[in-house]
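Below are the chains, spelled out letter by letter.
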Amino acid sequence: QVQLVESGGGLVQAGGSLRLSCAASGGTFSNYAMGWFRQAPGKEREFVAAIKWSGGSTSYTFSVKGRFTISRDNAKNTVYLQMNSLKPEDTAVYYCAVDRLRYRAVITTTMVTSDFDSWGQGTQVTVSS
């Protein structure tokens with residue numbers, strides 16, 4: 001079972017940037033796609049971005065495309081989410097997760113929570129207006 005620990009959240013003004021990190025341990029990180037999700041108060045957890053196990057393909061939900069960038073360093077067992085031009089509506093707890101399938105061939109913009117089976121504890125991102 002892979003353990004995930006997110007970090008890098010915080011309070012930032014609208015238009016600012018944050019970089020989230022997710023460190024993995026206890027599994028073969030490089031065999032699995034990784035995803036970032038977020039959950040705002042009173043809302044369901046929603047897909048933000050995913051990156052293929054090789055790092056060669058990424059996908060984003062429409063609302064963050066062009067502002068957020070997902071990347072991974074398989075040598076460090078870490079996945080990142082660079083968030084630029086942040087908006088108040090980006091405020092949420094951000095979670096990273098491990099794909100339930102090894103070597104998934106295609107990642108899409110419609111990935112859901114059931115596509116992933118290991119989750120971190122989350123990191124709070126608050127964007128003030």
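For the structure, see preceding data.
Just so it is clear, the model here is predicted, and its values are computed rather than measured. (Residues numbered from 1 in each chain as written. Predicted model: local features only at pLDDT ≥ 70, side-chain atom pairs only at ≥ 80, totals over all residues. Heavy atoms only, no water.)

Draft legend 1. Molecular detail of the sheet that holds strand β1 (residues 3–7). Taken together, the four strands give an open sheet; going across it, the order is β1-β3-β8-β7, and neighbouring strands pair in antiparallel fashion. Pairing within the sheet leaves two strands with one partner each, and these edge strands are β1 and β7 (68–73). Neighbour-to-neighbour, the strand axes of this sheet turn through a mean angle of 15 degrees, independent of strand direction. In the sheet, strand β3 (residues 18–25) pairs with strand β8 (residues 78–83) via six bridges, with the strands oriented antiparallel. Bridging across to β8, Leu 18 finds its partner in Met 83. (Pairing = 2+ DSSP bridges. Helix = DSSP H or I, 4+ residues; strand = E, 2+ residues; numbered from the N terminus. Axes fitted to C-alpha atoms, helices over the stretch in contact; angles between N-to-C directions.)

Draft legend 2. The arrangement of the nonpolar core in detail. Counting 27 residues, the largest nonpolar core has Trp 36, Leu 81, Met 83 and Tyr 94 as the members making the most contacts within it. Among the elements of the structure, β3, β4 (32–39), β5 (46–51), β7, β8, β9 (92–102) and β11 (123–128) are those that each provide at least two residues to this core. With eight residues, the next largest nonpolar core counts Phe 37, Ala 50, Ile 107 and Met 111 among its residues. (Core = buried A, V, L, I, M, F, W, Y, C linked by side-chain atoms within 4.5 Å. Buried < 20%, exposed > 50% of the residue type's maximum accessible area, 1.4 Å probe, protein only.)

Draft legend 3. Focus on the pairing of β7. On β7, burial follows the alternation: Phe 68, Ile 70 and Arg 72 on one face are buried, whereas Thr 69, Ser 71 and Asp 73 on the facing-out side are not. The turn linking β7 back onto β8 is made up of four residues, and Asn 77 within it adopts a positive phi angle of 55 degrees.

Draft legend 4. Representation of the pattern of salt bridges. With the rule as written, the count across this model stands at five salt bridges. For the salt bridge of Arg 38 with Glu 46, the shortest nitrogen-to-oxygen distance reads 2.6 Å. Residue Glu 46 is classed as partly exposed on the basis of its relative accessible area, which comes to 35%. Here Asp 90 and Arg 38 are joined by a salt bridge, their closest N and O atoms 2.9 Å apart. A residue pair is termed long-range when its members are at least 10 positions apart, and Asp 90 in the loop between β8 and β9 and Arg 38 in strand β4 qualify at 52 residues. Of the two residues examined, Asp 90 and Arg 38, each falls in the buried class. (Salt bridge = Lys/Arg side-chain N within 4 Å of Asp/Glu carboxyl O.)

From the geometry alone we can't say anything about function, so treat these as descriptive.
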